[in-house]
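Read off the chains here:
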Amino acid sequence: ALVGPTGVGKTTTVAKLAADYTMRKQRSVGLLTIDTYRIGAVEQLGRYAGLLEIPLEVVTDRASLERSLRRLEHCDMVLVDTIGRSPRAARPTQELGALFEGIPGVSYELCVSATTSLRDMRGTLESYAEIRPENLLFTKLDETFALGPMLSAHIEDTLPLSYFTTGQRVPEDIEQSSVERIIGMMIPFE
């Protein structure tokens, strides 16, 4: 499940991951969205699901989540698009944690925009710590000139980095994180 503040690109990142796992890695992928609040979010993910010819389930509560997971149990993996929540909100992950409580195999990827200030990244990491994200996924690397805050937040929090997104193209603009890529960001080679 991709979690994080509003506007960091979770829906587009879910589509990129789905395309990567479906097309490049030949995995059976299902999509699940609980983002029924944002206008157009379901439709956007639905278009990607249609292009990739993979199932999409829309979840509104615990009962629909359980039904959807049963329908997707044939998939190798299920990618979940979640509702963006302000890290300044009181317990921004409470509703999400309650929805997925007791569901086996759920892991959280915390998505943070690389354009975010270090202070705000720290606040986001602290706010989302309650659900114990397993990885940190940085989006919008193409939109920043300052990668220091991103790297500082990663070093301070010690969450493993999973992916970087570097543009709007699906599936091209996503890559797994690597030491080589991080060094290349700090010391550009020409």
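Everything that follows concerns the structure shown earlier in this document.
These notes cover the structure that comes with them. Keep in mind that this is a model prediction, so the values were computed, not measured.

In this chain, Val170 is followed by Pro171 through a cis amide linkage whose omega measures 5 degrees. Looking at the secondary structure, you find Pro171 in the loop between strand S7 (161-165) and strand S8 (174-176). Although it is not a glycine, Gln26 adopts a positive phi angle of roughly 55 degrees. The topology assignment puts Gln26 in the loop between helix H1 (10-24) and strand S2 (29-33). The phi dihedral of Glu53 falls on the positive side, at around 55 degrees, and the residue is not glycine. Topologically, Glu53 is positioned in the loop between helix H2 (41-52) and strand S3 (56-58).

Looking now at the pairing of strand S4 (residues 77-81). Counting buried positions over the five residues of S4 gives four, a clear majority of the element. Across five bridges, the pairing between S2 and S4 is parallel. Bridge pairing links Thr33 to Asp81 in S4.

Definitions and cut-offs
- Residues numbered from 1 in each chain as written.
- Predicted model: local features only at pLDDT ≥ 70, side-chain atom pairs only at ≥ 80, totals over all residues.
- Heavy atoms only, no water.
- Helix = DSSP H or I, 4+ residues; strand = E, 2+ residues; numbered from the N terminus.
- Buried < 20%, exposed > 50% of the residue type's maximum accessible area, 1.4 Å probe, protein only.
- Pairing = 2+ DSSP bridges.

By themselves these figures say nothing about function.
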